[in-house]
Amino acid sequence: MSQYIGAIDLGTTSSRFIVFDRAGQIVSMAQKEHRQIYPQPGWVEHDPMEILHNVNEVTGAALAKAGLNAGDLAAIGITNQRETTVLWDKASSKPVHNALVWMDTRTDALVSSFAKFGGKDRFRAQTGLPLTTYFSGLKLRWLLDQLPEARTRAENGDLLFGTMDSWLIWHLTGGTRGGRHITDVTNASRTQLMNLATCKWDEDILEAFAIPKACLPQILPSSQIYGEVTTVPLRGTPIAGILGDQQAALVGQTCFVPGEAKNTYGTGSFLLMNTGRKIVPSQAGLLTTVAYQFGDEPPCYALEGSIAITGALVQWLRDNLNLIEKAADIEPLAASVEDNGGVYIVPAFSGLYAPYWKDDARGVIVGLTRYANRAHIARAALESAAFQVRDVVEAMQADSGIELKALRVDGGMVCNNLLMQFQSDMLAAPVVRPRITETTALGAAYAAGLAVGYWKNTDDLRANWSVDHTWSPIMPNEQRETYYRYWKRAVTRSFDWVEDKPET
Ligand SMILES: Nc1ncnc2c1ncn2[C@@H]1O[C@H](COP(=O)(O)OP(=O)(O)O)[C@@H](O)[C@H]1O
Ligand SMILES: O=P(O)(O)OC[C@H](O)CO
C-alpha cells in the first residue's frame, strides 16, 4: 500500500496541501493565501478560480518538496470552509459569480422576510439552524434572484450549486467530462436545506426558499471512495474523505466519544461537542449539526458554538489599522501592558453569531480613555476571542448538561501563549494543545484513510493524539468574573446597530 495520505484544506484565508504519515505526522506541506474581496460593507467574496489555481500550485509544491508523486498517496481527503456558496455553469465549469463567503451579510433582508412568519427558529427543528445570514441556502437564493436567467438555468440543471468541496471535486474528477457533483453530510448540514434526521434535502424547505433541487449536489457520507482525481499532479489518486473544516478538526482531535469537544481558532472560532447518534436541540443559542458519517454507519451529531470573528480581528488590526506588521506581533504588543486598561472590543463585523445570533450588531470598541494605547487595543483584541469562547462554552454546558473538564484547541491562533493562558483563566479550566495543530487537514486525511483501510478504525487514530502543552487557570475567581461582567456589558453595546433593511 502507498505510504501516505494527502489532505486539501480550503480555508477562509488560504489553501493548503498536507501529506501525512501513518502516525499522523506532517511529511510535507504547502500553503497559499487567496484574496478577500469586499465589494461593500458586510459583503465578502472569494474568486473560485483563484482557489482552484492555488490548490493546484500547493499540491504540486508539497509533493515536490518531499520528492513524492501521486502514486505515494493511498488517498486524499478534502476539507473546506463551510457555507461559502458557489454557483457555476455546468457546460463551461466556470463560476457565474464570485463565491459568497460564509460571513457575508448580504442576505439580511431575505433573513428578515423569512423570519417574519414563524420567527428565527422557523426551520430549527428540521435543520438545527436559526435563520441568519450565515448559511448557504439563502446565499444561493440571493444568487438565483439577482443573476439574469439563473433560476431557469438552475431548474434545468444547467447551473450547479456547491460549497467549496463540491466545486473542487467537480473539477478534480473531470468537470464537464464526467465530473462528480457531490457533497458530504457535514457540508450539506450547513446549507439549511438538509434535514438533520434523514440527511436528505428537505422538500418543504426547498419549496419555502424556492430552491430548485436540480442544481443541488448528491449528499454522501464523509468517508468513502467517491472517485479518482483525473488532473495532474494527483491523477489516479482516490478521493476518499470530505468534511467541513470544523467537523474535520473534531475528527483530527479524535473527539469520537459523546461529550468530547474541541475549539478551533482561525478566522473565526468554532467549538464542537460530539453528541453521538443523538440530535440534541439547542435551547441556548448553539447549532445542531452533523459531526461525521463514516461509510455505512449512521451519522454522529454535534452541538456547535460558531463565532464569526477571532483571528480575523488580528488580521484587521494588521491590514486595516496597521497596528502590527504580522499576526505574530500581536502577542509581544499585548504583553507589553499588564491588562486591557479597561478596553473591550466586540468584533461584530458580520453581526454576532452564537449564542446571540444578532445580524444587526456591528463592531464596537468601548471603555476608551486617554490612558488607553495601542497595546491595550491589541490585548483587548486577543481577549475578545477568549470571552466569545466562554460565551459558547456556557451555552454548551447549559444545552448538554456536561461540564467542560478541559478544552482541546487547534488552529492558527493557538501558538499565542498569552491568548491560551487568558482562555484557560476565562474558562477556569485547562486548555490543551495537541502536538499536531493542523487538525483540520488531519481530520480529512483520517476520513480518507479509514475509507481505504490505511487506518483500521478510530482506535488507530486515537493512538496518534498526544499533548503538546496544557495551560491551567491562574487568575483569581473575582478578577475573572469582573472581566467577564464587563465583556457582557460591552456585547450589549454592539446590538441593534444596523437599521432595518427593506423587505424583499
Ligand atoms: N500569533 C498569532 N496570534 C494571534 N492570531 C494569529 C497568530 N498567528 C495567526 N493568527 C490568526 O490566525 C488566523 C489564521 O488561522 P487559520 O487556522 O489558518 O485560519 P483559517 O483556517 O480560517 O484560514 C488568522 O486570522 C490570523 O490572524
Ligand atoms: O476556514 P475557517 O477555518 O475559517 O472555518 C470557517 C468555517 O467553516 C465557517 O463555518
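Treat the numbers as computed from the prediction; the structure is a model and nothing was measured.

Draft legend 1. Here's a closer look at the pairing of strand E3 (residues 26-33). Looking at chain direction, strand E2 (residues 14-20) and E3 are connected through seven bridges and run antiparallel. Following the sheet pairing, Ser15 is matched in E3 by Lys32. Turn length for the E2-E3 hairpin, with the two strands adjacent in sequence and antiparallel, is five residues, and the turn residue Gly24 shows positive phi of about 80°.

Draft legend 2. A look at the site of ligand 1. In the vicinity of ligand 1 lie 17 residues, with Thr13, Arg16, Thr267, Gly311 and Gly412 positioned nearest. Burial of ligand 1 by the protein amounts to 85% of the accessible area it has alone, namely 580 Å². Residue classes in the shell around ligand 1 are distributed as seven nonpolar, nine polar and one charged.

Draft legend 3. Inspection of unusual backbone geometry at higher detail. Cis geometry marks the peptide bond from Val232 to Pro233; its omega dihedral reads 0°. Residue placement: Pro233 occurs in the loop between strand E13 (223-228) and strand E14 (238-244). In this model, Ala354 is joined to Pro355 through a cis peptide bond whose omega is -5°. With a phi angle near 70°, Gln192 is a residue other than glycine that sits in the positive phi range. Assignment of secondary structure puts Gln192 in the loop between helix H7 (185-188) and strand E10 (194-195). Located in the positive-phi region is Trp357, a residue other than glycine, with phi close to 50°. The residue Trp357 is located in the loop between strand E19 (344-346) and strand E20 (364-366) in this model. When its relative accessible area of 9% is taken as the criterion, Trp357 is described as buried.

Draft legend 4. Summary view of the packing of aromatic side chains. Applying the stated criterion to the full structure yields 25 aromatic pairs. Where Tyr134 meets Trp357, the ring centres are 6.2 Å apart and the plane angle is 25°; that geometry is what we call stacked. On the criterion of sequence distance, the pair formed by Tyr134 in the loop between helix H3 (124-127) and helix H4 (136-146) and Trp357 in the loop between E19 and E20 is long-range, its members being 223 residues apart. Assigned by exposure class, Tyr134 and Trp357 land together as buried.

The rules we used
- Residues numbered from 1 in each chain as written.
- Chains lettered and ligands numbered in written order.
- Predicted model: local features only at pLDDT ≥ 70, side-chain atom pairs only at ≥ 80, totals over all residues.
- Heavy atoms only, no water.
- Pairing = 2+ DSSP bridges.
- Helix = DSSP H or I, 4+ residues; strand = E, 2+ residues; numbered from the N terminus.
- Near = heavy atom within 4 Å.
- Areas by Shrake-Rupley, 256 points an atom, 1.4 Å probe, with all protein chains shown as cover.
- Nonpolar A, V, L, I, M, F, W, Y, C, P; charged D, E, K, R; others polar.
- Buried < 20%, exposed > 50% of the residue type's maximum accessible area, 1.4 Å probe, protein only.
- Phe/Tyr/Trp six-rings, centres within 6.5 Å; stacked < 30°, edge-to-face > 60°.

Interpretation note: all reported values are geometric properties and have no functional meaning in isolation.
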